[in-house]
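Here is what each chain is made of, one letter per residue.
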Amino acid sequence: MIVTICIGSSCHLKGSREIVHTLESLIKEYKVEEQVQLTGSFCMGECVKGVCVKVDDKSYSLNPSNTKEFFMQEVLGGLENECH
């Protein structure tokens, strides 16, 4: 699974750095380093929605306060679905 976080200037101001750190910590905590690859991207064209994050090809808008919920539902949930 590839998780891409926008690190362009608008998303940076909206907390992309904090989101990256949170996701890195959660990936280590849940020991999914082998299944989840974090990457960064400059502007992904969704600036007005918040920090743009893509899981494979599906887009999400995050902020630092909903990052853990996103991780639990979309990343861990997605990994569980891949295993079945």
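Keep in mind that what you see is a predicted model, and the values were worked out from it rather than measured.

Student: Which parts of the structure should I look at to understand the side chain of Ser16?
Tutor: Inspection of the secondary structure puts Ser16 in helix α2 (residues 16-29). Look at Ser16 and you get buried, because its relative accessible area is 1%.

Student: When you look at α2 in this model, what are you seeing that I'm missing?
Tutor: Two residues of an α-helix separated by three or four positions point the same way, owing to the 3.6 residues in each turn. Its 14 residues give α2 an end-to-end C-alpha distance of 20 Å, which sits within 8% of 20 Å, the value for a rise of 1.5 Å per residue. Among all positions of α2, only Ser16, Ile19, Leu23, Leu26 and Ile27 are buried. Each buried residue of α2 sits inside an arc of 100° when the element is viewed along its axis, so together they form one side. The exposed residues of α2 that point more than 90 degrees off its buried face are Arg17 and Lys28. Directly beyond the C-terminal end of α2, a positive phi value near 55° is found at Lys31.

Student: Where do I start with the nonpolar core in this structure?
Tutor: Side chains that are nonpolar tend, in soluble globular proteins, to be buried together. Ranked by size, the top nonpolar core spans 23 residues in total, and within it Val3, Phe70 and Phe71 carry the most contacts. Those elements that place two or more of their residues in this core are β1 (2-6), α2, β3 (51-55), β4 (58-62) and α3 (67-83). It is α3 that contributes the most residues to this core, five residues altogether. Excluding residues within four positions of it along the chain, Val3 makes contact with Leu23, Val36, Gln37, Leu38, Thr39, Val53, Lys54, Val55 and Val75.

Conventions adopted
- Residues numbered from 1 in each chain as written.
- Predicted model: local features only at pLDDT ≥ 70, side-chain atom pairs only at ≥ 80, totals over all residues.
- Heavy atoms only, no water.
- Helix = DSSP H or I, 4+ residues; strand = E, 2+ residues; numbered from the N terminus.
- Buried < 20%, exposed > 50% of the residue type's maximum accessible area, 1.4 Å probe, protein only.
- Expected span 1.5 Å × (residues − 1).
- Arc of directions from axis to C-beta.
- Core = buried A, V, L, I, M, F, W, Y, C linked by side-chain atoms within 4.5 Å.
- Contact = heavy atoms within 4.5 Å.

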